[in-house]
Amino acid sequence: MKRLTILCTAVLALGAAVASATITTTSNVYDSTIWFNEDFASAVDSAGNLYTVGYAFLAPPQSDYVTSIRKYGTKGSSSWTQTRNVSCQSCPGNETATDIALSSGGSSVYVSSYAPELVGVNTGADWRITKYNSAGVLQWEQVFGTSNDDRPFGIDYDDQTDTIVIVGSWGTAAQVMRLQGATGATLGTDTTTLTAAFDVSVDPTASGMGGPGAGFYVVGGSAFSTFGMSGTYLGSQSITFDGTHPPFVDVDLGTGAVCLGGSGSNLASGSSGLDGWARRYAYTGALDWSVSYHNSTELFLGIAAKHGGNGCVAVGEVGSGNTDMLLVDYSGAGNFVDDDIADDSSRPNPGYHVVVQHGGTAKVVATGRAWSVFGGPPPQPFSYDGWIRWLTL
């Protein structure tokens, strides 16, 4: 099978793999520059540079959560860090990034985040969409929101049409928004088609749903939906949703196939709790395969296509209480290849996101959280630390 390099963002010490160790750690980079760090999403460009987004909690007297955006070189060296924050009239500044997307060459970086009162006083959380260049220089930002609580969850970018697609909550509705990459101008919005929208993946492939720039996929609740790039709704299929942990989607940039992953109750034989699930669909919408994973109690919290028809890799957590990061590798035929558990034995350490580089050295990135590798500043005995973990499959 094709060998891939995986990067994981979290913080913990490694435990033993469950199966034979075809998933192998090659190096780790830890981030402890701010009191608490948690990385929710990541992306890797064609040159192998890694970008992560999430939040950082500033130590007193600031005591604010700020959006953290970081770029790392191919060997884990830090290139730059940007933070975004807002101070509203009725609350301290608290901002969190939720997802990141890159142009194909990495020259443009798009970040979705939310913060209170961006569009007015007492409006709850509002959307902030920002564009940076590859050097970390802000190019533009746009804020959107209603009088209710609004949060973007997923973002992706299509080079062919210079279109950013963002999905998330919009008060009690779901929003699918399209922006122009060059300027941030609004191309279209849809708050009526879907009841939930958690993640989005653009299909830029020639072999996909209709050629480059043809459309994108959205997962939300129990629906997997297809849209044309103009925003036209093309249809939905039912998927499993446990009601708490959202599903995720990623397009295979080699074949146009689509990997989905999520969590559900009692999916595997002998299970009496939460299990992870993964599926792959052909670009035609036909189901290629569907699998479930059970070890004890598992959540799949991220999914990535191993481009070129090589399968899917899932990231999440295993156990209850003091959970550990879980990686599960599936072949192009949907067969289980290997799994790996990273364990610090005392605190919860989930993995949140995984992405596979297309081209170059075929790196994969997973992001998450781990506890107290460096400890907290006195008198705080613990902290969250960022972790980048390179592996091979």
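Keep in mind that what you see is a predicted model, and the values were worked out from it rather than measured.

Peer 1: So what's going on with the overall build of the protein chain? Which residues, and what values?
Peer 2: Of the regular secondary structure elements, the protein chain holds zero helices and 30 strands. Of all 393 residues assigned to the protein chain, the portion counted as buried reaches 58%. The contacts in the protein chain between residues at least 6 apart in sequence include a share of 53% that link residues at least 24 apart.

Peer 1: Go over the side chain of Asp339 with me, naming the residues and quoting the values.
Peer 2: Note that Asp339 resides in strand E26 (residues 336–342). A polar contact is formed between the side chain of Asp339 and the side chain of Tyr293, at a distance of 2.5 Å.

Peer 1: Talk me through the pairing of strand E22 (residues 287–293); I want residue IDs and the actual numbers.
Peer 2: Bridge count between strand E21 (residues 274–281) and E22: six bridges; the pairing is antiparallel. Bridging across to E22, Ala278 finds its partner in Val291. Taken together, E21 and the strand that follows it, E22, pair antiparallel across an intervening segment of five residues, in which Gly285 is found at a positive phi of about 100°.

Peer 1: Outline the sheet that holds strand E23 (residues 298–305), supporting the account with residue identities and numerical values.
Peer 2: Here we have four strands laid out as an open sheet, ordered E23-E24-E25-E26, and antiparallel in their pairing. Each edge of the open sheet is held by one strand with a lone partner, namely E23 and E26. Each adjacent strand pair in this sheet contributes to an overall mean axis angle of 20°, direction not counted. As defined by bridge partners, E23 adjoins strand E24 (residues 312–318) across seven bridges and the pair is classed as antiparallel. When the bridges of E24 are listed, Ala304 appears paired with Val313.

Peer 1: With reference to specific residues and values, describe the sheet that holds strand E16 (residues 215–220).
Peer 2: Spatially, four strands are ordered E15-E16-E17-E18 in an open sheet, and the strand pairing comes out antiparallel. Each edge of the open sheet is held by one strand with a lone partner, namely strand E15 (199–203) and strand E18 (233–238). Going from strand to strand, the sheet's axes swing by 20° on average, the running direction of each strand aside. Taken together, the five bridges between strand E17 (residues 223–228) and E18 define a ladder with antiparallel strand orientation. Bridging across to E18, Ser225 finds its partner in Ser236.

Peer 1: Could you give an account of the nonpolar core, with specific residues and numbers?
Peer 2: Side chains that are nonpolar tend, in soluble globular proteins, to be buried together. Judged by nonpolar contacts, the single largest core of 16 residues is most densely connected at Ala278, Phe300, Ile303, Leu326 and Tyr330. Ignoring any residue separated from it by four or fewer positions in sequence, one finds Leu326 in contact with Tyr293, Glu298, Phe300, Ala314, Val315, Gly316, Glu317, Val318, Asp339, Asp340 and Ile341. In terms of nonpolar packing, the next biggest core, distinct from the first, is built from 13 residues, Ala101, Ile129, Trp170 and Leu179 among them.

Calculation notes
Residues numbered from 1 in each chain as written. Predicted model: local features only at pLDDT ≥ 70, side-chain atom pairs only at ≥ 80, totals over all residues. Heavy atoms only, no water. Helix = DSSP H or I, 4+ residues; strand = E, 2+ residues; numbered from the N terminus. Buried < 20%, exposed > 50% of the residue type's maximum accessible area, 1.4 Å probe, protein only. Contact = heavy atoms within 4.5 Å. Polar contact = N/O pair within 3.5 Å; in protein donor to acceptor, adjacent residues only side chain to side chain. Pairing = 2+ DSSP bridges. Axes fitted to C-alpha atoms, helices over the stretch in contact; angles between N-to-C directions. Core = buried A, V, L, I, M, F, W, Y, C linked by side-chain atoms within 4.5 Å.

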